[in-house]
Amino acid sequence: MRTALRSLAATAAALLAVTALSPAAQARPEPKAPEEFVALRSVDPTIIQEMRYTTAHTFLGERVDGYRQPVCILTRPAARALHLAQKRLSRHGYSLKVYDCYRPQRAVDHFVRWAKDLDDQSMKGEFYPRVDKGRLFEDGYIAEKSGHSRGSTVDLTLVRLPAPPTRPYRPGERLAPCFAPKGERFPDNSVDMGTGYDCFDTLSHTDDARIQGLQRVNRQFLKRTLTEVGFVNLPEEWWHFTFKPEPFPDTYFDFPVHRRPVAGH
């Protein structure tokens, strides 16, 4: 009997040990960034970074999954091309400002979940005032895959130097439409592009005929500067550019936005 009890106790202890270790044993390591990925700041520390998806000032109204630090990560060729564009712009008194760079697949999945939740429209007043949320997939504003996840796509704008500060977004503050006049929409230290960043509206189309005057000049200046260093603009979004040829044209990565995956690259 004593031997049987000792055997049962040993079995129970072993089971407890396995149970205690199982979460660590089952935890999957984070995906690593290939050597071709770098932090933009290591290539050009002068480019302004306002990584929106690490904040609550997004069309979701919250930080996006996978954005753990406000760091712009790109493939090395894309980062070097931005450095070249920055050198040219600085001679004219401008700087680039990036809003988003590499985007992990888990962030895209977060966008998709949000788009399917038609009850959550807390940020509609700023980011999609004239768009029915039920049409975001059909109209092309949300998709299950993003070129950002391949590492050579960047969302950015121009800032006149010296760059004035931009105040932080205060969750719950009154929202103004992203296409309102610059003095009425959320303050941004960028030049006037006619709409704010991530504005789900046809006015965001780069060559929309309704955008005229200085706003059109600013868009064309940004587009021309980036085209000259190898980027291609997405016609539906004045801020969206992809470096060509892409080092990873068919791969969608999911390592988190954090300094650690590109440390030492």
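Rules and cut-offs
Sequence order sets the numbering: in each chain, residues are counted from 1 along the sequence as written. Owing to the predicted nature of the model, reporting of local features is limited to residues with pLDDT of at least 70; listing and counting of side-chain atom pairs is limited to 80 or more, with chain, interface and lining totals taken over all residues. Values reported for side chains reflect all heavy atoms of the structure, with hydrogen atoms and water molecules removed beforehand. Any two strands with at least two DSSP-identified bridges between them are counted as paired. Helix numbers and strand numbers start at the N terminus; a helix is a DSSP run of H or I with at least 4 residues, a strand a run of E with at least 2. In what follows, a contact means two residues having at least one pair of non-hydrogen atoms within 4.5 Å. Convention adopted: a line fitted to C-alpha atoms gives each axis, helices being fitted over their contacting stretch, and angles between N-to-C directions are expressed from 0 to 180 degrees. When a carboxyl oxygen of Asp or Glu lies within 4 Å of a side-chain nitrogen of Lys or Arg, that pair is called a salt bridge. For each residue, the accessible area found with a 1.4 Å probe, counting protein chains only, is set against the maximum for its type, and the residue is called buried under 20%, exposed over 50%, and partly exposed in between. Any two cysteine sulfur atoms lying within 2.5 Å of each other are counted as a disulfide. Ring geometry is summarised as follows: Phe, Tyr and Trp rings, the Trp one being its six-membered ring, pair when their centres sit within 6.5 Å, and such pairs are stacked at plane angles under 30 degrees, edge-to-face over 60 and tilted between the two. We call a charge positioned above a ring when the Lys NZ or Arg CZ atom is no farther than 6 Å from the ring centre and deviates by at most 35 degrees from the ring normal.

Caption draft 1: How the structure looks around the sheet that holds strand β7 (residues 240-243). Read from one edge of the open sheet, five strands run β2-β4-β5-β7-β6, paired in mixed fashion. Every interior strand has two partners, whereas the edge strands, β2 (48-49) and β6 (231-233), have only one. Against the sheet, helix α6 (residues 213-227) contacts β4 (94-100), β5 (153-160), β6 and β7, and its axis sits at roughly 125 degrees relative to β5.

Caption draft 2: Fine view of the pattern of salt bridges. If you walk through the whole model with that rule in mind, you get 18 salt bridges. Here Asp188 makes a salt bridge to Lys97, at a shortest N to O gap of 2.8 Å. Here the residue Asp188 occupies a position in the loop between β5 and α6, and Lys97 occupies one in strand β4, the gap between them amounting to 91 residues. Residue Asp188 is classed as buried on the basis of its relative accessible area of 17%. For Lys97, a relative accessible area of 1% corresponds to the buried category.

Caption draft 3: Representation of the environment of Ile47 within the structure. For Ile47, the position within the fold is in the loop between α2 (40-43) and β2. C-alpha separation for the pair Ile47 and Ser90, spaced 43 residues apart in sequence, amounts to 9.9 Å. Those residues in contact with Ile47 that lie beyond four places of it in its chain are Leu40, Leu82, His83, Gln86, Ser95, Leu96 and Val98.

Caption draft 4: The arrangement of the environment of Tyr141 in detail. Examined against the element boundaries, Tyr141 turns out to sit in the loop between α5 (124-127) and β5. Given a relative accessible area of 21%, Tyr141 falls into the partly exposed group. For Tyr141 and Asp198, which are 57 residues apart along the polypeptide, the C-alpha to C-alpha distance reads 9.4 Å. Those residues in contact with Tyr141, other than ones at most four positions away along the chain, are Val131, Leu136, Phe200, Asp201 and Thr202.

Caption draft 5: Molecular detail of the state of the cysteines. Per the stated rule, a full pass over the model turns up two disulfides. Between the sulfur of Cys72 and that of Cys101 lies a disulfide, 2.0 Å long from S to S. Judged by the sign of its S-S torsion, about -105 degrees, the bond between Cys72 and Cys101 is left-handed. Taken as a pair, Cys72 in the loop between β2 and β3 (73-75) and Cys101 in the loop between β4 and α4 (105-116) lie far apart in primary sequence, 29 residues in all. Comparing Cys72 with Cys101 shows no difference in burial state: the two are buried. Put simply, Cys178 and Cys199 are joined by a disulfide, and their sulfur atoms are 2.0 Å apart. Looking along the S-S bond of the Cys178-Cys199 disulfide, the torsion reads about 60 degrees, which is the right-handed sense.

Caption draft 6: View of the packing of aromatic side chains. Going through the model one piece at a time under the given rule, you end up with 23 aromatic pairs. Judged by centre distance (5.5 Å) and plane angle (75 degrees), the rings of Tyr53 and Tyr67 are edge-to-face. Taken together, the residues span a long stretch of sequence, with Tyr53 in the loop between β2 and β3 and Tyr67 in the loop between β2 and β3 at a distance of 14 residues. Each member of the pair, Tyr53 as well as Tyr67, is classed as buried. Summarising the aromatic geometry, the rings of Phe253 and Phe255 are spaced 6.1 Å apart at their centres and angled 55 degrees between planes, so their arrangement reads as tilted. Classification of Phe253 as buried rests on a relative accessible area of 13%. Note on Phe255: relative accessible area 0%, which makes it buried. Three or more aromatic residues joined by ring pairs make a cluster, and in this case those are Tyr53, Phe59, Tyr67, Tyr99, Phe111, Trp114, Tyr128, Tyr141, Tyr197, Phe200, Trp238 and Trp239. The lysine or arginine in question, Lys133, covers the ring of Trp114, its NZ or CZ lying 3.9 Å from the ring centre. Directly above the ring of Tyr252 sits Lys145, whose terminal nitrogen or CZ lies 5.0 Å from the centroid.

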